[in-house]
Every structure is written in C-alpha cells, then in structure tokens.
Amino acid sequence: MALNRADVLRRIDAAFPAEPVVLTLGGTAREMVAVAGRRPHHLVNLDAMGQTVGVALGLALGLRDRRDGKVVAVEGDGSLLMGLSVLGTAGHLKPDNLVVVLLDNGVYLATGGQPTASASADLVAMALACGWAGGREVRTEEELGAALDWARQAPGPLLVRVYVGTAQFRTDYLLEDPAILAEDFRRWLRSPAVDKITTAEPPEGPVVT
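Report follows, based on the coordinates. These figures come from a predicted structure and were not determined experimentally. (Residues numbered from 1 in each chain as written. Predicted model: local features only at pLDDT ≥ 70, side-chain atom pairs only at ≥ 80, totals over all residues. Heavy atoms only, no water.)

**A closer look at the nonpolar core**
Stage number 1. The biggest cluster of nonpolar side chains holds 31 residues, and the ones touching the most others in it are V8, I12, V74, L103 and V162.
Stage number 2. When residues in this core are grouped by element, the largest group, five residues, is from helix 7 (residues 141–153).
Stage number 3. Other than its neighbours up to four places away in sequence, V162 contacts L3, V8, V101, L102, L103, D104, V138 and L144.
Stage number 4. The next biggest cluster of nonpolar side chains, apart from the first, holds 26 residues, and it includes V22, L57, L98 and W188. (Core = buried A, V, L, I, M, F, W, Y, C linked by side-chain atoms within 4.5 Å. Buried < 20%, exposed > 50% of the residue type's maximum accessible area, 1.4 Å probe, protein only. Helix = DSSP H or I, 4+ residues; strand = E, 2+ residues; numbered from the N terminus. Contact = heavy atoms within 4.5 Å.)

**Points about the pairing of strand 4 (residues 98–104)**
Stage number 1. Among the seven residues in strand 4, seven count as buried, and that is most of the element.
Stage number 2. As judged from the six bridges shared by strand 3 (residues 71–76) and strand 4, these two strands associate in the parallel manner. Within strand 4, the residue paired with E75 across the bridge is L102.
Stage number 3. Looking at chain direction, strand 4 and strand 8 (residues 158–163) are connected through six bridges and run parallel. Bridge pairing links V100 to L159 in strand 8. (Pairing = 2+ DSSP bridges.)

**Thoughts on helix 7**
Stage number 1. Counted at 1.5 Å a residue, the expected span for helix 7 with its 13 residues is 18 Å, and the 19 Å between its end C-alpha atoms agrees.
Stage number 2. For helix 7, every residue scored as buried is listed here: L144, G145, A147, L148, W150 and A151.
Stage number 3. In the core, the buried residues of helix 7 are packed alongside helix 1 (5–15), strand 4, strand 7 (134–138) and strand 8. (Expected span 1.5 Å × (residues − 1).)

**Some details on the pairing of strand 8**
A regular strand carries its side chains on alternate faces of the sheet.
Stage number 1. With respect to burial, strand 8 is a largely interior element, five of its six residues being buried.
Stage number 2. Both strand 7 and strand 8 contribute to a ladder of five bridges, which runs parallel. Paired with V138 across the bridge in strand 8 is V162.
Stage number 3. Handedness of the crossover is the feature at issue here: the chain leaves strand 7, passes through helix 7, returns alongside strand 8, and the resulting connection is right-handed. (Right-handed = clockwise from strand over helix to strand, strands pointing away.)

In structure tokens, the structure reads:
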C-alpha cells in the first residue's frame, strides 16, 4: 500500500525543522500548511510547475558558503517531468547541500488524476546518470525514516523518490500572494539564525544505494 502524502509531509517537516524547504504547488503545498502550519523557512512555489527543483538548486548554490545543512525541495512527479533538465544541471554543478524529495503518486491529481509518465521513468537512475551523488526509492514507513536520516547526513545532490497514494484530505485553498510568500522567506533568509544551522557529519562509506 502506498504511503499517505500528508503523513510523509509530516515526516519531512520533522526531519528538516529549520532548513530551507521549497514546496511544489497544489495539494502538496496545501497539505504541508495544514499539517505543519505556515513555516518561515518554507517557500511555497505557487503557480510555477516544473520549477521547484530549479529554485531549490539556486538556493543550495547561494547558501553553501554561508551555512551548513541542507536545502530541500519537495517535488511531484508531474512537475519534475516537466522540468527534467534540472537533473542534468544539478548533476553538473553538484551542490552537496541539495536534497530533492520526490512525492510520486503517478498522476496529475489536481486536474483529474490523469496519469503521468513516471511509471515508465527510473528517475533515481536518471539522476545518478546525470552525476547526482545518491538516490533512494521509498515504499514503506521504515524506508522513509532511513532515507530521511540518510538525506540529512550524506553529501548531495540526493534524490529520494517516495511512492505515495492519491488519497488527499480536504484543506483550504492557499490564496496568499506569491510576492508575500517570497518576502516572508527572504526575511527568514536574512535572519542571523540561518547562519547557525548545522547538520550531522556525513557517514563514512558510499552514499549511492
């Protein structure tokens, strides 16, 4: 049975409680706000399908000399497939602080559940072939916990593909102005506390699994 997206989002929020997190649009953003509240370090990527990982990549490159820790993108399969060239760009630039958590439900849920092409795409293998440092596929709660622990510690760029179901719970629409969301995030980035965030030392041994 596929994992529940809202439960996975809770786990991501708990794993990265003070890290920059870029959230893809649609139900993912609404559910994260519902389960975790409005977080100053969460940037909601409204109305920008296919750009979530690119935004996180830019943040990772800009922040890697300023702070330790990770920059996390929470992306969907349809959105990643729309901007697939970012795998090559990230693999070329190799930011060791970038983590992409891909929530793969196999459909465009917001527009009626039409299937995406993810069932035919080995996205982890594609990332590795583009030069990413590591990737994992997740189908169980135990695998999710292990993958998130690994993603916090191992040098990136890393791709964690999490298979989730199509079930979603009712949430309010996220109607805030994208300019306000961006300014709230920029204000958090400028705060002195951001420079003090660190994560654990990377484990020894290979990170590709």
